[in-house]
Amino acid sequence: MPRIYVHPLPVRIWHWINALGFVAMIITGFQIRYIGLIDLMSFRTAVVLHDWIGFVLIGNFFIWLLFYLFSDKIRVYHPELSPMKHFRASFRQAMYYGYGIFKGEPNPHHVSVYEKFNSMQSMSYQVIMLLLVPLQFWTGVLLWDVKRFSGMIEVLGGVRVVDTAHVLIFIFFSGFIFIHVYLATLGHTRMAHIKAMITGYEEIEEEHGAGK
Amino acid sequence: MAICRSKLGVTGTKFHAGLIMSARLASAMILVAVASLSTHAADSALSQLDQQCLACHSAKGLEMKLANGDVLSLQVQGAVFTKTVHNKIGCAVCHAATSFENHPPVKRKIAGSREYSLEMNRVCQSCHAPIFKLYESSIHAALFREGNSYAPVCTDCHSPHAVMAKASYDAASGAPCSKCHDPIFNAYAGSVHGKTGLNCSNCHRAHDVTPATAGDQLKNACLGCHQGALDSHRIWLPNAGRHFDAVSCPACHSPTAKRKVDLRLYDNVAQERVAEREGVPQFETRARLAGAKGAGLDAMALRSLLRGFNIEGTDNRTTLRGRLEVTTGVEAHQLTRSAQAIRDCAKCHQQGADPFQSVTVSIVGSDGRSVRYGAKPEVLNSIVSVDSVGGFYAIGGTRIKLLDWLLALAVLGGIGVPLGHMTVRWLFRRYAKKISGKEDS
């Protein structure tokens, strides 16, 4: 089966650190918010871990950002510059996941070096990586030291407003992580996409789509 | 007390002494002086004129009935007065209004003991103007201005003829504060500070005593001695700076105390708590209007109250800043050793935690004390309060319930959607294979 090198090393390093980090952040986040209901560790341990892992993730984010800013691979996030074409492709992809996949239709998206994401992926990853993740880091840093950033927190409406924004994004990621893992199993085999994120090479299915 | 007018200067204090003495008074004094020789021996540090005063006024049970029926003791213990800081200036400086012409007996009428104290207060001011200025800024003076007949004036704390040097105050008795604040002093006496011999004034100051809830004076008093406190807390307490701002010291260091949240109206432009306008109290009326017949403010009522305060100012932005504190003054004084202080984060950071079951909203009253109005605990957990109670949030303890439901929905959706998708794929697997097989062929 032919292979394409779609995940360069910096991306793979970023991805797996990010994946482990986000899982840890979600677990410690649950522990912080629901102490008494969940008792995996003490509140203080959860807070300290949450803080440290958060800073690791912020550093890690810059691996991703700098790699894409300073390489031509940034095209993977927006290979199609026409909004209409992009929207139509996204609609086709949604139809595939919501209907076509059950009928055994082929995946409308075909992986290539500059088109490793389908239209839905590239759109949602941009929202996640350029809006939600930075917002989560920013609110997280503000909450890490409320006193130090009290001026900015006041401008934003107070610590409760900042925390609510942080929790809303946390809620999104808590649901998204399951969907993300599930979608990763929809390759031509269950482990195909996951293996690709380890080796860097995506196997190209010659006959039909990834939906079986 | 005998009153003299003297022109003699005594230890730098100038006062006038009347040199004209009536023969009648002199002979009377000589007679009493002979009779109370022992008293005079103890008063040898006093001037001759003062000794003459004491000749009569050291007599036990010497008293007079005032117009309102109060009984004013006229007895002065010479031995005690000798040790006071006022012994050098003598009797006449304070009692200048009395002369040999009108004494004894005092011909003018004194309305009551309180009125007499107030009159003598003015005498204190004449020498102690800077101290009196401090007193004027105190809660005691504010209560006095409000007409509180129990508000202490100079002589209530400084026994008129026994004004001792600061160093001689007996910390163990708590005097003079314990005279009015007895329950608080008893709590304090058993506390870690009470056992170290600190005076009330070490924390509360002597004359410019401010209400415990006003400003940062008390917190600064704690940090004045415990200068390394913030650093030592930072070692183990995440967001220590924030805790220092939003949690009063006794809330953790008085571990058995009942805690509560006070949401304080705060003026973000002036950077201070909102205060009642002089003579135009508005807070309680507004709160009552907003808060469903005094049943306590719910989240909507609190929002409406806050809006009311924001309409007035053109550039004012009134917000609420929460503070976790103990419920009573007694509890605030039951401080323990730091090893016994609350270190368990879960005491506050979990749903249903005790401190968040009691909530008040407050403003600074005209006397400097907080005027509080009750609020329902739900104001801390309601989505409606995100904006209005923006300045107070304790992770876990005051979490917004609606977000809990959203989280449950997200997790269930995150698990349920893939499971559902997988199930449908499994159910249609034969059909899908058939179709894709056809396409393949």
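The structure presented is a predicted model; accordingly, all values stated were derived computationally and were not measured. The numbering scheme is per chain: residues are counted from 1 as the chain's sequence reads. Just so you know, chain letters begin at A and ligand numbers begin at 1, following the order they were written in. Residues qualify for local features only when their pLDDT is at least 70, as the model is predicted, and side-chain atom pairs are given and counted only at 80 or more; totals for whole chains, interfaces and linings, by contrast, use all residues.

### Things to note about unusual backbone geometry
All names here are of chain B.
- Following Ala-175, the chain continues into Pro-176 via a peptide bond in cis, with omega recorded as 5 degrees.
- Its place among the elements puts Pro-176 in the loop between helix H9 (154-157) and helix H10 (182-189).
- Within the chain, Asn-239 stands out as a residue other than glycine whose phi angle is a positive 55 degrees.
- Secondary structure elements are taken from DSSP: a helix is a run of H or I of four residues or more, a strand is a run of E of two residues or more, and numbering for both begins at the N terminus. Looking at the secondary structure, you find Asn-239 in the loop between helix H13 (229-234) and helix H14 (240-246).

### A short note on the interface of chain A and chain B
- Each partner contributes to the interface: chain A provides 37 residues, whereas chain B provides 43 residues.
- For the side of chain A that touches chain B, the secondary structure elements donating two or more residues are helix H1 (9-33), helix H2 (43-69), helix H3 (83-103) and helix H6 (159-184) of chain A.
- If one sorts the elements of the side of chain A that touches chain B by residue count, H6 of chain A sits on top with 15 residues.
- Only Asp, Glu, Lys and Arg are considered charged, only Ala, Val, Leu, Ile, Met, Phe, Trp, Tyr, Cys and Pro nonpolar, and every remaining residue, Gly among them, polar. Split into classes, the residues belonging to the side of chain A that touches chain B amount to 18 nonpolar, eight polar and 11 charged. We call two residues in contact when the distance between their C-beta atoms, placed using the backbone, is within 7 Å.

### A closer look at the domain arrangement of chain B
- Domain annotation of chain B identifies domain 1 (9-145), domain 2 (170-209), domain 3 (217-388) and domain 4 (406-440).
- Domain boundaries shown here were taken from an automatic or database domain assignment. For domain 2 of chain B versus domain 4 of chain B, the distance between C-alpha centres works out to 73 Å.

### Here we look at the nonpolar core
- Counting 50 residues, the largest nonpolar core has Leu-263, Leu-297, Leu-302 and Val-379 of chain B as its most contacted members.
- With six residues, the top contributor of residues to this core is helix H17 (residues 299-312) of chain B.
- Those residues in contact with Leu-302 of chain B that sit more than four places away from it in its chain are Leu-297, Val-361, Ala-375, Val-379, Ser-385 and Ser-388 of chain B.
- Note on definitions: a nonpolar core is a set of buried residues drawn from Ala, Val, Leu, Ile, Met, Phe, Trp, Tyr and Cys, linked by C-beta atoms within 7 Å. Burial is judged by counting other C-beta atoms within 10 Å of a residue's own C-beta: 20 or more means buried, 12 or fewer means exposed, and anything between counts as partly exposed, with every C-beta placed from the backbone. Phe-22, Ile-53, Leu-57 and Val-167 of chain A belong to the second-largest nonpolar core, a separate cluster that totals 11 residues.

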